[in-house]
Amino acid sequence: PLPAGRGGGDSSSAPRRAAASAKQYMGSIENSPPSCLGGAGGGINISLEEILKLYEQSWIDDWYESDKQKQEYKKKGREILKEFYQKHKDNWPNAAYLEKGFNIKLRGTRKHENTKTQKHENTKTQKHENTKTQKHENIGTTAVGGEVYTVRGVIDRIDEEDGKLKIVDYKTGSPKDKLTFNEKEQLLIYQMAVSEIFRQEISSLAFYYLNNNSEVEFLGTDEELDKTKDKILNIIKDIKKGEFPAKPSQLCKFCDFYSICEFRKS
Ligand code: SF4
């Protein structure tokens, strides 16, 4: 998120810049010759000063409400990077991919299609089943029966450890140690994508909270993955029907339409 007025919020800008520097550094690891990796990111020599230099180079002066605010954010970002460095300097994660884009296909079932379409199709039920086989057929297949939709995204970081993949997303908000289904959703989508793209075992999904350099880790169950897919398809169904109900929340104050929206929550 960017500073207020740019669709961003409170103190999240500095952490985001710090994340960018951290990712830039992790990128230098990724692009190094394999011999430099020394397994699991070990054997890399980079100083904190070099990381902070990357941070300075990545910094953008725009969008702050005042010079004071800008300096505060910048300082916060530096602190985050220092802690990040101390935490990882003796055992850097083996970052196999950074900002990894994905593009997966989801096939809707009849219950996700609009009534008008349903009327013209035969009535044989094609239920959204829970088996693994069914799940993989529904992602990355061509349309047979249900419509096929494309879901695109970008994953912050994918680490490889002992042949397994760990998916990491940097978060700038308040650190959490327990997650609701809705909070897990983003990583669940990433799990679906990575299992489709790599066909490699996924060890875990992790949100990395930059504010205190903590992590919360989990792995989506089949039930959670099915629920996620179901939710995406239902959202697509509503979009196709032209239904976009307002969802006022605490985030309204960061919304670009705040000043003109009749539903805004102040
Ligand atoms: S309810 Fe209105 S102000 Fe709030 S996020 Fe939606 S469009 Fe923006």
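Just above sits the structure.
Residues numbered from 1 in each chain as written. Predicted model: local features only at pLDDT ≥ 70, side-chain atom pairs only at ≥ 80, totals over all residues. Heavy atoms only, no water.

Undergrad: Outline the sheet that holds strand S1 (residues 95–107), listing residues and values.
TA: Pairing in this open sheet of five strands is mixed, and the strands run S1-S2-S3-S4-S5 from one edge to the other. At either margin of the open sheet sits one strand with a lone partner, and together these are S1 and strand S5 (214–218). The average angle at which neighbouring strand axes cross in this sheet is 40°, direction not considered. Here seven bridges tie strand S3 (residues 164–171) to strand S4 (residues 202–209), and the two strands are oriented parallel to one another. Across the sheet, the residue bridging to Leu-165 is Ile-202, located in S4. This element, helix H7 (residues 181–197), spans S1, strand S2 (148–161), S3, S4 and S5 of the sheet and lies at about 140° to S4. Lying on the sheet, helix H8 (residues 222–240) is in contact with S1 and S2; it crosses S1 at an angle near 60°. (Pairing = 2+ DSSP bridges. Helix = DSSP H or I, 4+ residues; strand = E, 2+ residues; numbered from the N terminus. Axes fitted to C-alpha atoms, helices over the stretch in contact; angles between N-to-C directions. Contact = heavy atoms within 4.5 Å.)

Undergrad: Just give me the short version of the pairing of S3, but keep the residues and values in it.
TA: The buried fraction of S3 amounts to six of the eight residues, a majority that puts the element mostly inside the structure. Of the pairings in the sheet, the one linking S2 to S3 comprises five bridges and is antiparallel in character. In the sheet register, Asp-159 faces S3, and the bridge partner there is Lys-166. Hairpin remark: S2 followed by S3, antiparallel, with two residues in the connecting loop; positive phi at Asp-162, about 50°. Crossover S3 to S4 through H7 is right-handed. (Buried < 20%, exposed > 50% of the residue type's maximum accessible area, 1.4 Å probe, protein only. Right-handed = clockwise from strand over helix to strand, strands pointing away.)

Undergrad: Just give me the short version of the nonpolar core, but keep the residues and values in it.
TA: Core analysis: the largest hydrophobic core is formed by 29 residues, its most contacted members being Phe-102, Ile-167 and Val-194. When residues of this core are traced back to their parent elements, those giving at least two are S1, S2, S3, H7, S4, S5 and H8. Counting residues per element, this core draws most heavily on H7, at eight residues. Grouped together as the second largest cluster of nonpolar side chains are 17 residues, Tyr-55, Leu-81, Trp-92 and Tyr-208 included. (Core = buried A, V, L, I, M, F, W, Y, C linked by side-chain atoms within 4.5 Å.)

Undergrad: Got a sec to walk through the packing of aromatic side chains? Specific residues and values, please.
TA: For the structure on display, the rule yields 10 aromatic pairs. Ring geometry for Trp-59 versus Tyr-64: centroids 5.6 Å apart, planes at 10°, classification stacked. For the pair shown, Trp-59 and Tyr-64 are each scored as buried. Judged by centre distance (6.1 Å) and plane angle (40°), the ring pair of Phe-84 and Trp-92 falls under tilted. Each member of the pair, Phe-84 together with Trp-92, is buried. Each member of the aromatic cluster is reached from another via a ring pair, and the members are Phe-84, Tyr-85, Trp-92, Tyr-170 and Tyr-208. Between the NZ or CZ atom of Lys-184 and the centre of the ring of Phe-218, over which it lies, the distance is 5.1 Å. Across from the ring centre of Phe-181, 4.2 Å away, lies the NZ or CZ of Lys-227, which sits over that ring. (Phe/Tyr/Trp six-rings, centres within 6.5 Å; stacked < 30°, edge-to-face > 60°. Lys NZ or Arg CZ within 6 Å of the ring centre and 35° of its normal.)

Undergrad: How would you explain unusual backbone geometry if you had to name every residue and give the values?
TA: Non-glycine residue Trp-63 carries a positive phi angle of around 80°. Structurally, Trp-63 is set in the loop between helix H3 (48–58) and helix H4 (67–88). Positive phi, close to 50°, is recorded for Glu-99, a residue that is not glycine.

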